[in-house]
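Spelled out from the first residue to the last, the chains are:
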Amino acid sequence: MRKNKALNLIYGIFLGIGMLVMVIGIFIMIFFLKFTWTAVEVDAVITDKKSYMTYNSEGDVVYEYDVFVEYVYEGYTHEVKVHSNTFNKKVGDTVVLYVNPDSPRDVRVKSLDYLFSLIPIGIGLVFLLIGAIPMLFGGGKKSKQRMLKETGQRLSATIDDIVVNYNFSVNGRHPYRILCSYKESYSGVTYCFKSDNIWIDPYLVCDKGSTIDVYVEQDHYKKYFVDVDALAENRI
């Protein structure tokens, strides 16, 4: 059905965006952590601190800092400048640096900045789940329906009503659902069934009192599906 294809496309877009954002977040985390895996921790003293005003991407004023630190590594004294926009230390304070052993002037201030990479990872995970869950469950549901159609029992049920499902909508449109029933001849018991969401107007191809196929497990009417696909195929 066209609407189902449109939904699958939307879910696929969410899935793709989620995977992309998660991968970006993972690369950012690796970028932050890779340096620390081989770096050496040393204590450094802040010798100078200069602040300046700038603007972020939203046009808001923010203050950033150039901080000069002095430290000793393998007997040599180094003074370098580190940059930060959240530096709350003052001159004379001690900070911990990560020093690149292959280039002792290549340093990073020890911090939890890498945790910011969890933001895109979290956002990506949400998008991924929004896209993946309906696709996974939808695929499993279709597989079960095919199994019922191949191995189950087919009933010719009577359409009792056609209703609009106001609990669900896409682009402002609500789907329909068919309510139907089947009366078992030997027991006299009437079983009621409800179709999945239908995105065409069922009144174009059927009406109350007409029949529709319902597939059930053998002697287990609680597991069923109403075959609405035939309605879409018969649409003029």
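Note: the structure precedes this text.
Residues numbered from 1 in each chain as written. Predicted model: local features only at pLDDT ≥ 70, side-chain atom pairs only at ≥ 80, totals over all residues. Heavy atoms only, no water.

**Student:** In this structure, what is going on with the pairing of strand E8 (residues 190-194)? I would like to understand it.
**Tutor:** Taken residue by residue, a regular strand's side chains alternate between the two faces of the sheet. Direction of pairing for strand E7 (residues 176-183) relative to E8: antiparallel, over a ladder of five bridges. From the neighbouring strand, Leu179 faces E8, where its bridge partner is Lys194. Counting the residues that bridge the hairpin from E7 to E8 gives six residues, and of these Gly188 lies at a positive phi of roughly 80°. (Pairing = 2+ DSSP bridges. Helix = DSSP H or I, 4+ residues; strand = E, 2+ residues; numbered from the N terminus.)

**Student:** What should I look at first to understand a nonpolar patch on the surface in this one?
**Tutor:** Taken together, the side chains of Leu20, Ile24, Ile28, Phe31 and Phe32 make up a nonpolar region of the molecular surface, amounting to roughly 480 Å² of accessible area. Of note, Phe32 is situated in helix H1 (residues 2-38). (Patch = residues over 30% accessible without salt bridge, like charges linked within 9 Å, V, L, I, M, F, W, Y side chains within 5 Å. Areas by Shrake-Rupley, 256 points an atom, 1.4 Å probe, with all protein chains shown as cover. Salt bridge = Lys/Arg side-chain N within 4 Å of Asp/Glu carboxyl O.)

**Student:** What's the story with the sheet that holds E7 in this structure? I'm lost.
**Tutor:** Paired through backbone hydrogen bonds, the strands of a sheet run either parallel or antiparallel to each other. Spatially, five strands are ordered E8-E7-E6-E9-E10 in an open sheet, and the strand pairing comes out antiparallel. Taken across any chain shown, the strands that pair with only one partner, and hence form the sheet edges, are E8 and strand E10 (220-226). The sheet shows a mean angle of 40° between the axes of neighbouring strands, taken without regard to direction. (Axes fitted to C-alpha atoms, helices over the stretch in contact; angles between N-to-C directions.)

**Student:** Looking at this model, I keep getting lost on the state of the cysteines. Mind explaining?
**Tutor:** Here a disulfide denotes a covalent bond joining the sulfur atom of one cysteine to the sulfur atom of another. What the rule picks out here adds up to zero disulfides. Free of any disulfide, Cys180 has its nearest neighbouring cysteine sulfur in Cys192, separated by 8.5 Å. (Disulfide = S-S within 2.5 Å.)

**Student:** How should I be thinking about the packing of aromatic side chains in this particular structure?
**Tutor:** Any aromatic ring pair is given by two values, namely how distant the centres are and how the planes are angled relative to each other. Summed over all chains, the structure comprises five aromatic pairs. Note on Phe14 and Phe127: the rings are 5.3 Å apart at their centroids and 25° apart in plane angle, and the pair reads as stacked. In this pair, Phe14 is assigned in helix H1 and Phe127 in helix H2 (residues 118-151), connecting sequence segments 113 residues apart. Centroid distance Tyr191 to Tyr221: 4.3 Å. Interplanar angle 75°. Geometry classified as edge-to-face. (Phe/Tyr/Trp six-rings, centres within 6.5 Å; stacked < 30°, edge-to-face > 60°.)

**Student:** Whenever I open this one, the side chain of Glu184 confuses me. Can you help?
**Tutor:** With respect to the helices and strands, the residue Glu184 is situated in the loop between E7 and E8. In terms of polar contacts, Glu184 uses its side chain to reach the side chain of Tyr221, at 3.0 Å. (Polar contact = N/O pair within 3.5 Å; in protein donor to acceptor, adjacent residues only side chain to side chain.)

**Student:** When you look at the environment of Tyr166 in this model, what are you seeing that I'm missing?
**Tutor:** Relative to the elements of secondary structure, Tyr166 occurs in the loop between strand E6 (153-164) and E7. Overall, the relative accessible area of 60% leaves Tyr166 in the exposed class. (Buried < 20%, exposed > 50% of the residue type's maximum accessible area, 1.4 Å probe, protein only.)

**Student:** Explanation requested: the nonpolar core in the structure shown.
**Tutor:** Most often, soluble globular proteins keep nonpolar side chains buried together rather than apart. Ranked by internal contacts, the top residues of the largest apolar core, which has 16 residues, are Ile178, Cys180, Phe193, Ile212, Val214 and Val226. Where this core is concerned, the elements lending two or more residues are E6, E7, strand E9 (211-217) and E10. With four residues, the top contributor of residues to this core is E6. Those residues in contact with Phe193, other than ones at most four positions away along the chain, are Leu155, Ile178, Leu179, Cys180, Ser181, Tyr182, Val214, Val216, Tyr221, Tyr224 and Val226. (Core = buried A, V, L, I, M, F, W, Y, C linked by side-chain atoms within 4.5 Å. Contact = heavy atoms within 4.5 Å.)

**Student:** Looking at this structure, I do not really get the pattern of salt bridges. What am I missing?
**Tutor:** When the charged atoms of two side chains lie near each other, side chains of opposite charge can form a pair. In total, this model carries five salt bridges according to the counting rule given. We note a salt bridge from Lys149 to Asp227, for which the minimum N-O separation is 3.2 Å. Highlighted residues: Lys149 in helix H2 and Asp227 in the loop between E10 and helix H3 (229-233), separated in sequence by 78 residues. Among the residues examined, Lys149 registers a relative accessible area of 43% and is labelled partly exposed. Judged by relative accessible area, Asp227 falls into the buried class, the value being 6%. Lys208 is the partner of Asp161 in a salt bridge, and the nearest nitrogen-oxygen pair spans 3.4 Å. One end of the pair, Asp161, is in strand E6; the other, Lys208, is in the loop between E8 and E9, with 47 residues separating them in the sequence. Relative accessible area serves as the criterion here: at 25%, Asp161 is assigned to the partly exposed category. On the basis of relative accessible area, Lys208 is assigned to the partly exposed category, the value being 47%.

**Student:** I tried to follow the pairing of strand E1 (residues 40-55) on my own but got confused; where do I start?
**Tutor:** One ladder, built from six bridges, connects E1 with strand E4 (residues 94-100); its direction is antiparallel. Within E4, the residue paired with Val40 across the bridge is Val99. Examined bridge by bridge, E1 and strand E2 (residues 61-73) share 11 bridges and lie antiparallel to one another. The residue of E2 that forms the bridge with Asp48 is Phe68.

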